[in-house]
Amino acid sequence: MSDKNSITPTFPMQMRGLLLLTGMYNIAWAAFFKYFGEDFLRWLSMDSTWTGAMQSNWFGSVGMVSAFLIFLSAFYPISWRYLTWAGILGSLVLSSWFLLVFIPELGWNKRTIFQLVFNQLLWLIPLSVISLRAIKVQKYLEALEK
């Protein structure tokens, strides 16, 4: 007789792959802010004559560190789940930073909306699902040890 509630939680390889992909994708976008700075902001503004004096170096650096932590979490996603949490927090901080600092200067357009939605906010969904799965598996493993 089997108990239907005793399903063993697992952490599939696809979730590890998604963590790796998320980390690499976000490192690449953060590198644009860090290394291409003003040219990248001019492209985001959709105005070739834009001459804002915004610094994007720190934004890119914080983004690269946050994304690297997500990338690292893929190697031991259950025991290093706090790195996934740091990535979620980093994404929230970068989203707020982009909204409060960059949007007033660059304005709303299809490129700034893409940056905010697809490069910052959309990643919160899979990262949250992966984090919840890691917590569930960790609790299951702790229950086995007792």
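Preceding block: the structure.
Just so it is clear, the model here is predicted, and its values are computed rather than measured. (Residues numbered from 1 in each chain as written. Predicted model: local features only at pLDDT ≥ 70, side-chain atom pairs only at ≥ 80, totals over all residues. Heavy atoms only, no water.)

S.K.: Can you tell me about the side chain of S91, naming the residues and giving the values?
M.R.: Along the chain, the position of S91 falls in helix α3 (residues 81-106). Taking relative accessible area as the criterion, S91 reaches 7% and is therefore assigned buried. Setting aside its immediate chain neighbours within four residues, S91 contacts S66, Q120 and L124. (Helix = DSSP H or I, 4+ residues; strand = E, 2+ residues; numbered from the N terminus. Buried < 20%, exposed > 50% of the residue type's maximum accessible area, 1.4 Å probe, protein only. Contact = heavy atoms within 4.5 Å.)

S.K.: Describe the environment of M24, and please don't skip the residues or the numbers.
M.R.: Secondary-structure assignment places M24 in helix α1 (residues 13-45). When its relative accessible area of 47% is taken as the criterion, M24 is described as partly exposed. In the structure, M24 is positioned 50 residues away from A74 in sequence and 11 Å away in space, judged by C-alpha atoms.

S.K.: Can you tell me about unusual backbone geometry, naming the residues and giving the values?
M.R.: Positive phi outside glycine occurs at M46, with the angle close to 60°. Residue placement: M46 occurs in the loop between α1 and α2 (57-73).

S.K.: Which residues make up the nonpolar core, and what values go with them?
M.R.: Core analysis: the biggest nonpolar cluster contains 14 residues, and F33, L41, L44, F59, F98, F102 and L106 have the highest contact counts within it. Secondary-structure elements contributing two or more residues to this core are α1 and α3. Within the second largest apolar cluster, 13 residues are counted, among which are M15, L19, I78 and I130. (Core = buried A, V, L, I, M, F, W, Y, C linked by side-chain atoms within 4.5 Å.)

S.K.: With reference to specific residues and values, describe the packing of aromatic side chains.
M.R.: For the structure on display, the rule yields 20 aromatic pairs. Aromatic pair F33 and F40: ring centres 4.8 Å apart, planes at 80°, arrangement edge-to-face. Judged on exposure class, the residue F33 and its partner F40 are both buried. Their ring planes at 85° and their centres at 6.3 Å tell us that F33 and F98 sit as a pair that is edge-to-face. Placement of F33 in helix α1 and of F98 in helix α3 is noted, with a sequence separation of 65 residues between them. According to the relative accessible area criterion, F33 is buried, its value standing at 1%. (Phe/Tyr/Trp six-rings, centres within 6.5 Å; stacked < 30°, edge-to-face > 60°.)

S.K.: Give me the lowdown on the packing of α3 against helix α4 (residues 110-121), citing residues and values where you can.
M.R.: Direction vectors running N to C along α3 and α4 enclose 175°, while the axes themselves pass 10 Å from each other. With respect to α4, the element α3 is oriented roughly antiparallel. Across from S91, L94, S95, F98, L99, I103 and L106 in α3, the residues of α4 making contact are T112, Q115, L116, Q120 and L121. Partitioned by chemical class, the residues of the contact of α3 with α4 number seven nonpolar, five polar and no charged. (Axes fitted to C-alpha atoms, helices over the stretch in contact; angles between N-to-C directions. Parallel < 35°, antiparallel > 145°, perpendicular 65-115°, else oblique. Nonpolar A, V, L, I, M, F, W, Y, C, P; charged D, E, K, R; others polar.)

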